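Remarks on the overall topology
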Amino acid sequence: MNTDNPPPENKSFNKMSIYEKYVVIVGIAGQSMHYIQAYKIYSTKSADDISMLAYLICFFLLVNWMIYGFVKRAPALIIAEFVGIFGVIAIIIGTIFYS
């Protein structure tokens, strides 16, 4: 048995690792919409056109997707939903203060 040669690389794993990194970036970018809305609320000190019900539903869904990410051990889902949850919380708080 030759122990000098390392085992061949698992190219499938390397591709998945790169793809997972890509999905984390895309997930965070997708959740950035919440921060854009939160910025508008806080900078204008107005939340008159914000639907609290829509963001409460969004919060509920994000929490459930994050739980699913933990169950499936999917870091991309966990990270993206975690970022989204904080953005939605900022919107909900801003809506409470500025409605």
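Residues numbered from 1 in each chain as written. Predicted model: local features only at pLDDT ≥ 70, side-chain atom pairs only at ≥ 80, totals over all residues. Heavy atoms only, no water.

Together, Y35, Y42, F82, F86, I89, I93 and F97 make up an exposed nonpolar region whose accessible area comes to about 670 Å². Elements with a minimum of two residues in the nonpolar patch: helix 1 (11–44) and helix 3 (75–98). Here the element with the most residues in the nonpolar patch is helix 3; it accounts for 5 residues. (Patch = residues over 30% accessible without salt bridge, like charges linked within 9 Å, V, L, I, M, F, W, Y side chains within 5 Å. Areas by Shrake-Rupley, 256 points an atom, 1.4 Å probe, with all protein chains shown as cover. Salt bridge = Lys/Arg side-chain N within 4 Å of Asp/Glu carboxyl O. Helix = DSSP H or I, 4+ residues; strand = E, 2+ residues; numbered from the N terminus.)

Turning next to the nonpolar core. A38, I41, A47, I50, Y55, L62, M66, I78, I85, V88, I91 and I92 form the largest nonpolar core, which has 12 residues in total. Going through the elements one at a time, helix 1, helix 2 (52–72) and helix 3 are the ones with two or more residues in this core. Considering each element in turn, this core owes the most residues, 5 residues, to helix 3. Apart from residues lying up to four places away in sequence, I41 is in contact with S46, A47, I50, I91, G94, T95 and Y98. (Core = buried A, V, L, I, M, F, W, Y, C linked by side-chain atoms within 4.5 Å. Buried < 20%, exposed > 50% of the residue type's maximum accessible area, 1.4 Å probe, protein only. Contact = heavy atoms within 4.5 Å.)

Attention shifts here to the confidence of the model for the protein. Low-pLDDT stretches of the model should not have their predicted coordinates read in fine detail. In the predicted model, the protein carries a mean pLDDT of 89, and 84% of its residues have values of at least 70. Confidence, read as mean pLDDT per element, is least for helix 1 in the protein (86) and greatest for helix 2 (97). (pLDDT = per-residue confidence, 0-100.)

What follows concerns the packing of aromatic side chains. Tallied over the full model, the rule gives 4 aromatic pairs. For the pair W65 and Y68, a centre-to-centre distance of 5.7 Å together with 85 degrees between the ring planes defines the contact as edge-to-face. Placement of the pair is W65 and Y68 together in helix 2, with a separation of 3 residues, close to one helical turn. Relative accessible area serves as the criterion here: at 46%, W65 is assigned to the partly exposed category. Classification of Y68 by relative accessible area gives partly exposed; the value is 39%. (Phe/Tyr/Trp six-rings, centres within 6.5 Å; stacked < 30°, edge-to-face > 60°.)

Before going further, it helps to spend a moment on helix 3. For helix 3, spanning 24 residues, the distance from its first C-alpha to its last is 34 Å, which sits close to the expected 34 Å at 1.5 Å a residue. Buried residues of helix 3: A76, I78, A80, E81, G84, I85, G87, V88, I91, I92, G94 and T95, and no others. (Expected span 1.5 Å × (residues − 1).)

Mapped onto the fold, L62 is located in helix 2. Along the chain, L62 and F82 lie 20 residues apart, while their C-alpha atoms are 7.9 Å from each other. Once residues lying within four places of it in the same chain are set aside, the contact partners of L62 are Q31, H34, E81, G84, I85 and V88.

In this section: the side chain of E81. With respect to the helices and strands, E81 occurs in helix 3. Despite its burial, E81 pairs with no opposite charge, the nearest such side chain being K72 at 15 Å. Setting aside residues up to four positions removed in sequence, E81 forms contacts with Q31, L62, W65 and M66. (Lys, Arg positive; Asp, Glu negative; His and termini not counted.)

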